[in-house]
Amino acid sequence: MKKMILQIEKHPSKFLTTISDEVQLRDLKLAKTLIKDMIATLKNADGMGLAAPQIAVNKRIIIVKTGNKYVEMINPEYVPVGDDCGNTISSQEGCLSLPNVHCTVARWNHIRVNYLNSKWDERFLELSGIQSICVQHEIDHLNGVLMID
Ligand SMILES: [Zn+2]
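Rules of the game
Residues numbered from 1 in each chain as written. Predicted model: local features only at pLDDT ≥ 70, side-chain atom pairs only at ≥ 80, totals over all residues. Helix = DSSP H or I, 4+ residues; strand = E, 2+ residues; numbered from the N terminus. Rg over C-alpha atoms; globule rule 2.2 N^0.38 Å. Buried ≥ 20, exposed ≤ 12 C-beta atoms within 10 Å, placed from the backbone. Expected span 1.5 Å × (residues − 1). Pairing = 2+ DSSP bridges.

Student: In this structure, what is going on with the overall build of the protein? I would like to understand it.
Tutor: Helix and strand counts for the protein come out as two helices and seven strands. When the helices and strands of the protein are read in sequence order from the N terminus, they spell out α-β-β-β-β-β-β-β-α. Relative to a compact globule of 149 residues, whose C-alpha radius of gyration would be 15 Å, the protein shows 14 Å and is just as compact. With the C-alpha coordinates aligned to their principal axes, the bounding extent of the protein is approximately 45 × 35 × 30 Å. When each of the 149 residues of the protein is scored for burial, the buried share is 32%.

This is the structure:
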């Protein structure tokens, strides 16, 4: 199947301020196509992460770059792990939907994220630092939240 590079929605766009719907099993075929296109789009933009609302689809799908790999996460949810004490991190974040804007945002440092992969298998990852920040940033997009909010 041919991959497509999709246009990235820029602020203000109604897709970026809408709460996205959970992906259902019956949507999986569509989701797989979307995931391929999202990975191609993220590679092309040389970004760290991409959420489906950024390509004008309000479904709970994100792509996160970890090392050289692109991990797709369907219906992702995270919880902080470890003691709350010291488990926050602030850094300057950027966003493909807000070109030339950088914001300092406080996040959890260590998280566990549960999600489904494109085979509908339950998976989880424990992440810290920049990858943890990236997952939290992308899940914010699924909730219609931008880093400027
Ligand atoms: Zn973003």
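Student: What exactly am I supposed to notice about helix H2 (residues 129-142) here?
Tutor: Residues three or four positions apart in an α-helix share a direction because the helix packs 3.6 residues into each turn. Spanning 14 residues, H2 covers 21 Å between terminal C-alpha atoms, matching the ideal 20 Å at 1.5 Å per step. For H2, the tally of buried residues reaches 11 of 14 residues, placing the bulk of the element in the interior. Where H2 is concerned, the buried positions are Gln-131, Ser-132, Ile-133, Cys-134, Val-135, Gln-136, His-137, Glu-138, Ile-139, His-141 and Leu-142. Taken from the residues just after H2, Gly-144 is the one with a positive phi, measuring 75°.

Student: Please clarify how the pairing of strand S5 (residues 98-108) should be interpreted in this entry.
Tutor: In the case of a regular strand, side chains alternate between the two sheet surfaces. Taken together, the seven bridges between strand S4 (residues 88-95) and S5 define a ladder with antiparallel strand orientation. By the bridge assignment for S5, Cys-95 is matched with Leu-98.

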